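If you want the building blocks of each chain, they are given just below.
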Amino acid sequence: MFDPRSGSRPIATYRPHKSAVIRLAMSSHFVLSASEDKTVSIWDQRAGKTMKNVTISQETFPMSICMKSDVVYVGDGSAKLHVLDPKNDFEPVRCYTTDHKKGINGVHLAPGCLITSSTDETVRISSPTDPPRHLTILKSNYGEIASTDYLNDVLAVSGTEGIEIWRPRLRNEYV
């Protein structure tokens, strides 16, 4: 971890995993890392130590992670979506089977929707409810999805052959 005010030397380092780290997510208090060792590690920035490691699945590893103040979503290689509760020591509280055919490599929680992307070339938008309800599917025209990002109602999806951008239509926009 680096603090830009302190130059180029790291302010903290840690090695909570036995295999490659696939994704990171952070807040002002925690850094979460998802690894091929099938765990999510929670680093407490205030205490300067690993708080705990959570095994997500015995069969596959976590591929994506999204952290908000009251919920953490973790997508795994078998297309399941796991929910951790940050207010209860990051305990796993739910696991949902999704309609993705391959691993979930992107998770974004936005007001009114939960967005998951997969190496099956689809983005699925669901309600952020228990359980999530399917709203729509977006199909990538550029092959297997490598990465997604969502900001200000705009969804960017990178595939093996290009990048696609989706944004909502304006009410008075002519199509």
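All of the points below concern the structure found in this document.

Conventions and cut-offs
Residues numbered from 1 in each chain as written. Predicted model: local features only at pLDDT ≥ 70, side-chain atom pairs only at ≥ 80, totals over all residues. Heavy atoms only, no water. Phe/Tyr/Trp six-rings, centres within 6.5 Å; stacked < 30°, edge-to-face > 60°. Helix = DSSP H or I, 4+ residues; strand = E, 2+ residues; numbered from the N terminus. Buried < 20%, exposed > 50% of the residue type's maximum accessible area, 1.4 Å probe, protein only. Pairing = 2+ DSSP bridges.

In this structure the tally under the stated criterion is 2 aromatic pairs. When the ring of tyrosine 14 is compared with that of tryptophan 43, the centres are 4.1 Å apart and the planes differ by 20 degrees; the resulting orientation is stacked. A residue pair is termed long-range when its members are at least 10 positions apart, and tyrosine 14 in the segment before β1 (21–26) and tryptophan 43 in strand β3 (residues 39–44) qualify at 29 residues. The exposure class of tryptophan 43 is buried, given its relative accessible area of 6%. Judged by centre distance (5.0 Å) and plane angle (75 degrees), the ring pair of phenylalanine 30 and phenylalanine 90 falls under edge-to-face. Remark: phenylalanine 90 occurs in the loop between β7 (80–85) and β8 (91–97) and phenylalanine 30 occurs in strand β2 (residues 30–35); sequence separation between them is 60 residues. For phenylalanine 90, a relative accessible area of 0% gives the class buried.

Moving on to the pairing of strand β14 (residues 154–159). Across 6 bridges, the pairing between strand β13 (residues 145–151) and β14 is antiparallel. Bridge pairing links serine 147 to serine 158 in β14. Turn length for the β13-β14 hairpin, with the two strands adjacent in sequence and antiparallel, is 2 residues, and the turn residue asparagine 152 shows positive phi of about 55 degrees. Taken together, the 4 bridges between β14 and strand β15 (residues 163–166) define a ladder with antiparallel strand orientation. The residue of β15 that forms the bridge with alanine 156 is isoleucine 165. The antiparallel hairpin formed by β14 and β15 contains 3 residues in its connecting segment.

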